[in-house]
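# Understanding the architecture of this molecule
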Amino acid sequence: MRESLVIFRRELRSYFLSPIAYVFGILLVSVLLWYSTEVTLQNGARASAEAFFGTLPFMLILFVPGLTMRLWAEERKLGTLELLMTFPVTIWQLVLGKFFASVAYLGLVLLLTIGLPLTLGAYGKLDWTPVLGSYLASLLFAGSFIAVGMFWSSLTRDQIVAMLLSLVSLFVLYQLGNPLNIELASDWMPASMVDLVNGISPFKYFVSIARGVLDTRDFVYFACFCGFFLHANTLVLQARRQRG
Amino acid sequence: MIEVERLEKSYGFARALKGISFSVQKGEVIGFLGPNGAGKSTTMKILTGYLLPSGGRASVAGHDVVEKSLAVRRCIGYLPESTPLYGEMRVDEYLQFCADIRGVSSAKQKSAIARAVELCGLQRVTGKNIVELSKGYKQRVGLAQAIVHEPPVLFLDEPTSGLDPNQIVEVRKLIERLGQEHTVVLSTHYLQEVEKSCTRVIIVNQGVIVADGTQQQLVAAQPGGGLRLRVRGPEQNVLAQICELLPKGTPVTIDKRTADAVDYRVDVAAGMAPIDEALARLVVKNGWDLLELQRDRATLEDVFRALTLQVQQEALHA
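About the criteria used
- Residues numbered from 1 in each chain as written.
- Chains lettered and ligands numbered in written order.
- Predicted model: local features only at pLDDT ≥ 70, side-chain atom pairs only at ≥ 80, totals over all residues.
- Heavy atoms only, no water.
- Pairing = 2+ DSSP bridges.
- Helix = DSSP H or I, 4+ residues; strand = E, 2+ residues; numbered from the N terminus.
- Axes fitted to C-alpha atoms, helices over the stretch in contact; angles between N-to-C directions.
- Contact = heavy atoms within 4.5 Å.
- Domains from an automatic or database assignment.
- Disulfide = S-S within 2.5 Å.
- Buried < 20%, exposed > 50% of the residue type's maximum accessible area, 1.4 Å probe, protein only.
- Buried area = accessible area lost by both parts, 1.4 Å probe.
- Salt bridge = Lys/Arg side-chain N within 4 Å of Asp/Glu carboxyl O.
- Polar contact = N/O pair within 3.5 Å; in protein donor to acceptor, adjacent residues only side chain to side chain.
- Core = buried A, V, L, I, M, F, W, Y, C linked by side-chain atoms within 4.5 Å.

Residues and elements named next belong to chain B. On the basis of which strands lie adjacent, the open sheet formed by six strands has the order E6-E7-E8-E3-E9-E10 and mixed pairing. In this open sheet, the two strands that pair with only one neighbour each are strand E6 (76–79) and strand E10 (208–213). Pairs of neighbouring strands in the sheet enclose a mean axial angle of 15°, with direction left out of account. Strands in contact with helix H5 (residues 135–147) are E6 and strand E7 (153–157); relative to E6, the strand with the most contacts, it is inclined by about 165°.

Below is the structure:
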């Protein structure tokens, strides 16, 4: 636990020591706000942050791979992974420390967008329940994306490769949960298959939590999803010790 | 302190280590020598818990490197070959992180870092970003990182590669100081480094140990060298007399003729009784002038070349 915390602190700090944190944060927030502000304000009397949280998942597909691509690939390229793995820490402690540092960083970036709902709340009657639900859902959703991106990053020392693999897999995951695709698929797929495929996508659970309804099953899903990819991540690192 | 038994490591089909065994006592400074690709780094990576061996056993400070990897990693300091560092961090931050992760209690951290900084001569750069440092300073940060938690065993993989001669001397001095408190295993291509700072030498080549002993032992075991003497006197006569003195079949050659003297070279076979004095007496007795008498001593370099080239050539012929 202590060891994970040390890794967590270093990782989080290193975000802010490099330009990545600032460029990434400012770009993501700007794009999100720019993309959603107009729609949000055109709504007139009805104050809602739906448009904003509607754009968020897609933006995360584009941005999270940029954030996660370096997590292991860079350590491998620099050789710091070798040193890291001769510290008295387990692979799980390393993986968890890194994972939560990225989640925390993304959480901070999301927090920067709080101005939008605050503005809406000041000028209209805003229902805060879905807003808070959406923030929570976004964080969990982003976390699951980070777990996927981090896994890809552990497989290669080339950051671009890690980014492309993450981008494609996140896009596929997102599309699996897209209601439009579900409709199309139900024309030719048996209903049970559609449910199964749809059930894999974090997007489905994002929508559910974002409504402000907190269902344990959704949380269990995110925990399992992240757990699966983080576990895969530890296996890759362990295999590397074996193979050299 | 370190026990290695028939250690093996394969990367795919390539066998990097073919069952090496050695042991290191507390307080020794071991020079781990070998050409590129001999298996030095692989051995270090296994002993530091980074890689898992494919066969054999190894223990460091009484802990098995596979079964008790974490316990091993708690008692070692390691400087990997390329000195990997987090460039974006400041020197003091980085050392703090290393002390922290190595479990140095927060009460002791300050003094531990100060000690490492002092030992490695980093006082002037503690506030700088690592990426801004020169190669020599980076190397010292790498060393500081390895010793900040005062580990009983230190592994240094080519600690002086890529440094300029002044920096090499400094790092070497540092290693000598470290050798007083720690057990050190140090790999290198630079033979002078071993001659200066190591108490024992292990030479590996193509995944096997080809020599293990003190420098004196290794040099003495090397067949050897020759004698060169410069004499002013009648050439044929001198040559005949020298040949008579030596055991039959010892080659004597004329190296060089100068205006008034001749250089003779006597190839001394291994195990031959010393003949320097007898040669000197012979020359003086005959009334010639002995201008120079020099013994070509085998150096560690000769030993290294002989052992590593020999194996390579045998492999070629096989």
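Next comes the rest of the account.
Here the focus is the domain arrangement of chain B. Note on interface size: it is often stated as the accessible area lost on association of the parts. Segmenting chain B into domains produces domain 1 (2–220) and domain 2 (223–296). For domain 1 of chain B and domain 2 of chain B, the distance between their C-alpha centres works out to 47 Å.

This brings us to the state of the cysteines. Note on terminology: disulfide describes a covalent bond linking the sulfur atoms of two cysteines. Evaluation of the coordinates by the stated rule reveals zero disulfides over all chains. Note on Cys226(A): no disulfide assigned, nearest cysteine sulfur contributed by Cys224(A) at a separation of 9.6 Å. Residue classification places Cys226(A) among the buried residues on the basis of a relative accessible area of 11%. We note that Cys198(B) lacks a disulfide partner, and the nearest cysteine sulfur, in Cys120(B), lies 17 Å from it.

Moving on to the interface of chain A and chain B. The interface of chain A with chain B comprises 29 residues on the first partner and 31 residues on the second. Overall, the association of chain A and chain B removes approximately 2,800 Å² of surface from exposure, summing both partners, and the carbon and sulfur fraction of that is 60%. For the pair chain A and chain B, the interface holds four salt bridges. Between Glu88(B) and Arg10(A) there is a salt bridge, and its shortest N-O distance comes to 3.6 Å. Our count for the chain A to chain B interface comes out at 12 residue pairs in polar contact (both at pLDDT 80 or more).

Okay, the environment of Gly162(B) next. Residue and element names in this part refer to chain B. Here Gly-162 lies in the loop between E7 and helix H6 (165–179). Sequence-wise, Gly-162 and Val-24 are 138 residues apart; in three dimensions their C-alpha atoms are separated by 28 Å. When neighbours within four sequence positions are excluded, Gly-162 is seen to be in contact with Lys-135 and Tyr-190.

As a further point, take the nonpolar core. Counting residues in hydrophobic clusters, the biggest one holds 146 residues, and the most contacted among them are Leu47(B), Tyr94(B), Phe97(B), Leu122(B), Phe155(B) and Ile203(B). Ranked by residues supplied to this core, first place goes to helix H8 (residues 128–155) of chain A with 11 residues. Discounting chain neighbours no more than four positions away, the residues touching Tyr94(B) are Leu83(A), Pro84(B), Leu85(B), Tyr86(B), Met89(B), Ile130(B), Val141(B) and Gln145(B). In this structure, Val231(B), Leu239(B), Ile242(B) and Trp288(B) belong to the second largest nonpolar core, which totals 17 residues.

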